[in-house]
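Reading the structure
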Amino acid sequence: MIFLTRRERFNAAHKLYRDEWPLEQNEAVFGKCSNPNWHGHNYELFVTVKGEVNPETGFAIDLKELKNIIMEYVIDKLDHRNINLDVDFMRGKMASTEVLAMEIFHQLKPHVEAQGVMLHSVRLVETENNSVEYFGT
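Here the structure is a predicted model, which is why all the values come from computation and not from measurement.

Notes on the side chain of Thr48
Mapped onto the secondary structure, Thr48 falls in strand S2 (residues 39-51). The exposure class of Thr48 is buried, given its relative accessible area of 10%. Polar side-chain contacts of Thr48 include one of 2.7 Å to the side chain of Thr5.

See the structure below:
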């Protein structure tokens, strides 16, 4: 078993808030992240797959194919977008880094696993001090 990680980057805006809460409660719970005019991040996404190395190619997965999957199902949908408003797989969900990492994992899993490897984890870095890692269910 080998583990292989691909890094991609994207820029996106979001805000953390609940429509049913008053502004004061959103500010108390989410602080600056509830800014009514949004805020953005330069995210780094690390996608780790695991599998056996094919003796003919020396690959667990062709990295070009892994890149194409990540680009089509995640980066193209998120880059320079508003996560709350523009991203189909985030509609109706809290746009926290935790939820975003989980949803990215679910977007990638069937497409990655169709390539003969397993999706091991998604690590999403929001700032140099904050990141989350999701291993799926």
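Looking at the pattern of salt bridges
Summed over all chains, the structure comprises seven salt bridges. The salt bridge involving Arg6 is made with Glu8; its shortest N-O contact spans 2.7 Å. Ionic pairing is found between Lys77 and Asp88, a salt bridge with its closest N-O pair at 3.3 Å. Of this pair, Lys77 sits in helix H2 (residues 63-78) while Asp88 sits in the loop between helix H3 (83-86) and helix H4 (97-113), and the two are eleven residues apart along the sequence. Asp88 gets classed as partly exposed once you look at its relative accessible area, which sits at 41%. When salt bridges with common partners are traced through the structure, they connect Arg7, Arg9 and Glu44 into a single cluster.

What to know about the side chain of Ser96
Summarising the element assignment, Ser96 is placed in the loop between H3 and H4. One polar contact links the side chain of Ser96 to the main-chain amide nitrogen of Val99, over a distance of 3.2 Å.

Some remarks on H2
Considering bend angle alone, the principal kink of H2 is centred on Met71 and spans about 50°. All of the buried residues along H2 are Leu66, Ile69, Ile70, Val74, Ile75 and Leu78. Where H2 is buried, its residues contact strand S1 (2-14), S2, strand S3 (81-82), H3 and H4. Positive phi appears at His80, one or two residues downstream of H2, with a value of about 55°.

Conventions and cut-offs
- Residues numbered from 1 in each chain as written.
- Predicted model: local features only at pLDDT ≥ 70, side-chain atom pairs only at ≥ 80, totals over all residues.
- Heavy atoms only, no water.
- Helix = DSSP H or I, 4+ residues; strand = E, 2+ residues; numbered from the N terminus.
- Buried < 20%, exposed > 50% of the residue type's maximum accessible area, 1.4 Å probe, protein only.
- Polar contact = N/O pair within 3.5 Å; in protein donor to acceptor, adjacent residues only side chain to side chain.
- Salt bridge = Lys/Arg side-chain N within 4 Å of Asp/Glu carboxyl O.
- Bend = angle between axes of the 7 residues up to and from the residue.
- Contact = heavy atoms within 4.5 Å.

It is worth stressing that arrangement in space is one thing and function is another; only the former is reported here.
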